[in-house]
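An overview of the molecular structure
Single-letter residue listing:
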Amino acid sequence: MRQVYADNAATTAVSSHALEVMIPYFSETYGNPSSLHTFGQEAASAMNEARQTMARYLGCDAREIYFTSGGTEADNWAVQNASRLGEKKGKKHLITTSFEHHALLHTMQQMEKQGFEVTYLDVHEDGLVRLEELAAAIRPDTALVSIMYANNEIGTVQPIKEIGQLCREKGVPFHTDAVQAAGHLPINVVEQSIDMLSLSAHKFHGPKGVGLLYCRRTIPLGNLIHGGGQERGKRPGTENLAAIMGMAAAFQEACDAMAEEMPKVAALRDKLIAGLRPISRSRLNGHPEKRLPNNVSFCFEGIEGESLLLSLDMKGIAGSSGSACTSGSLDPSHVLLAIGLPHEIAHGSLRLSLSRYTTEEDIDYILKELPPIVAYLRDISPVWERLMNEEKA
C-alpha cells in the first residue's frame, strides 16, 4: 500500500539539509548564547547569522527579528503589544477577520474581555477581504489591523500589499499571520507595508517549536513574558539554538527554491482539484486562483469528514478536515462557516495540502482511492439518502 502524506498545512517533514545544519548545535556548538565564554560566543555568533538570514529573506533589519516558540506565541505577542500601545493613546478598537487561526481569534477574544472592541471582517464566499470594507471599518481609535496572509484551511491568499498600504495611509499598525505563506510565497515586509509578522518553522520543513515575530523598529515592543535578557530583553528564556539554526536553514532553502518548486507544486494542486471536481455535489473551498500553491480544500455533501479521513488513512493517505489545532472538536470548521457554508456541508470537509516532496504518483493514488471512498460513504449515509430523495422529489 502506498503511503501519501498530504497534511503539510498541519506540519512538514524536516528537510535533510535543515536536520544536517541542526545536529552540531546539540553536541558541538551547544553553549548558551548569553554566556561570555568561547562556547557561548560561538553559539551567539551562529544565532546572529540565523537572524540575519531570516531578516534577509523577509526584507527587514535583523534587529527587527525576535525568535519565539512558534506562530501562536508570535500572534499573541503582536496583538497584545499593539493593544497595550493603543490603550495608552485611548485606542481600544481592533480589526481582524472571522476566519483567522484560533491563536489570533482567541487572543482577540481575550482583549474583548479587557474592554477592547473587535471588528470581525466578513471574508465572503471566496475567503477574500474586501478593501473597501476594511477601509470603512478603520476608525480613529483603531489600534491594530490583523489579517492572515493565507488561510490555513482553504488556502485563500489575501491582497496583503494593498491591505498594508491602506493601513499605512490610515496610520494603523498592520500585523499578518504568515504561518502558511512563509516559504511558499515571496514576502517583503517593507514593500508590503507590514508592521508585524508571525511565522513558524515547521510549516516550511523546519523543526517544530520555533518561529519568530517581525516587529518594525518604529513600533515599541513590550514583553509577553518576563525573565532574563534574551532577545534584547524582549523575549526571555534560553534560546533554542538548534531549532533556530534549523529554521534559518529551512527558510533559506525554501525561499531559494521557491521560484522553481512552487509552480510544480501548484501544477500538482491543479491536477488534484481537476480530478476531484467531477465528484457530484462537491465544492472547492476558497478562491479558485488566489490560493496557496499547495492547498486543496473540498466539501463533499452527504458524508462526515471524520469518516472520510479514517477511510483515507486506511489506504495510507494522510489528510485533514481543517486545522490540526482543532481536530479534536466535533464542531464544523469556523473557517467554512465564515465563508457561508451551512453546517451539514461544512461537516464533509477535506483538506489535502502538498509539499515540494509530493509527487505526481501521489496525486494519481489519491485520485484513484478518494472517489470510491466518497461513493462508499454515501451509500451507507442516511443523510445522502435523504438528499437524493429530496432531489428526486
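Residues numbered from 1 in each chain as written. Predicted model: local features only at pLDDT ≥ 70, side-chain atom pairs only at ≥ 80, totals over all residues. Heavy atoms only, no water.

Time to look at empty space enclosed by the protein. Enumeration over the complete set of coordinates arrives at three cavities of 30 Å³ or more. Roughly 110 Å³ of internal volume is contained in the largest cavity. In terms of lining, the largest cavity is formed by 15 residues, of which the most central are Gly-183, His-184, His-205, Met-262 and Arg-356. The residue makeup of the lining of the largest cavity, split by class, is seven nonpolar, five polar and three charged. (1 Å grid on protein atoms, 1.4 Å probe; cavity = no way out; pocket = protein on both sides within 12 Å on 5 of 7 lines; lining within 4 Å. Points joined across faces, edges and corners; volume = space filled by probe spheres on them. Nonpolar A, V, L, I, M, F, W, Y, C, P; charged D, E, K, R; others polar.)

Since one α-helical turn is 3.6 residues long, residues separated by three or four positions face the same way. Three or more residues of helix 9 (residues 305–314) are buried, namely Gly-305, Leu-308, Ser-311 and Leu-312. Looking straight down helix 9, one finds that the buried residues subtend no more than 125° of arc, so they occupy a single side. Facing away from the buried side of helix 9 by over 90 degrees, the exposed positions are Glu-306, Leu-310 and Met-314. If you follow the buried residues of helix 9, they end up packed against strand 10 (295–300), strand 11 (317–318), strand 12 (349–353) and helix 12 (360–379). Gly-316 sits one or two positions beyond helix 9 and adopts a positive phi of about 85°. (Buried < 20%, exposed > 50% of the residue type's maximum accessible area, 1.4 Å probe, protein only. Helix = DSSP H or I, 4+ residues; strand = E, 2+ residues; numbered from the N terminus. Arc of directions from axis to C-beta. Contact = heavy atoms within 4.5 Å.)

Right, let's talk about the packing of aromatic side chains for a bit. Here the distance between the centres and the angle between the planes together describe a pair of aromatic rings. Going through the model one piece at a time under the given rule, you end up with five aromatic pairs. With centroids separated by 5.8 Å and ring planes inclined at 70°, the aromatic side chains of Tyr-66 and Trp-77 adopt a geometry described as edge-to-face. One end of the pair, Tyr-66, is in strand 2 (residues 65–68); the other, Trp-77, is in helix 4 (residues 71–88), with 11 residues separating them in the sequence. Taking the relative accessible area as the measure of exposure, Tyr-66 reaches 9% and is therefore buried. Pairing Phe-204 with Phe-251 gives two aromatic rings, centres 5.1 Å apart and planes at 50°, and the pair type is tilted. Of this pair, Phe-204 sits in the loop between strand 7 (196–200) and strand 8 (211–215) while Phe-251 sits in helix 8 (residues 241–276), and the two are 47 residues apart along the sequence. Note on accessibility: Phe-204 and Phe-251 belong to one class, buried. In this structure an aromatic cluster arises from ring pairing among Tyr-57, Phe-204 and Phe-251. (Phe/Tyr/Trp six-rings, centres within 6.5 Å; stacked < 30°, edge-to-face > 60°.)

So, on to the sheet that holds strand 10. Strand order across the open sheet formed by three strands is 9-10-12, with antiparallel pairing between neighbours. The sheet is open, and its two edges are formed by strand 9 (282–284) and strand 12, each paired on a single side. In this sheet, neighbouring strand axes are inclined to one another by 25° on average, regardless of whether the strands run parallel or antiparallel. Bridging between strand 10 and strand 12 involves five bridges; their strand directions are antiparallel. Counterpart to Val-296 in the pairing with strand 12 is Leu-352. (Pairing = 2+ DSSP bridges. Axes fitted to C-alpha atoms, helices over the stretch in contact; angles between N-to-C directions.)

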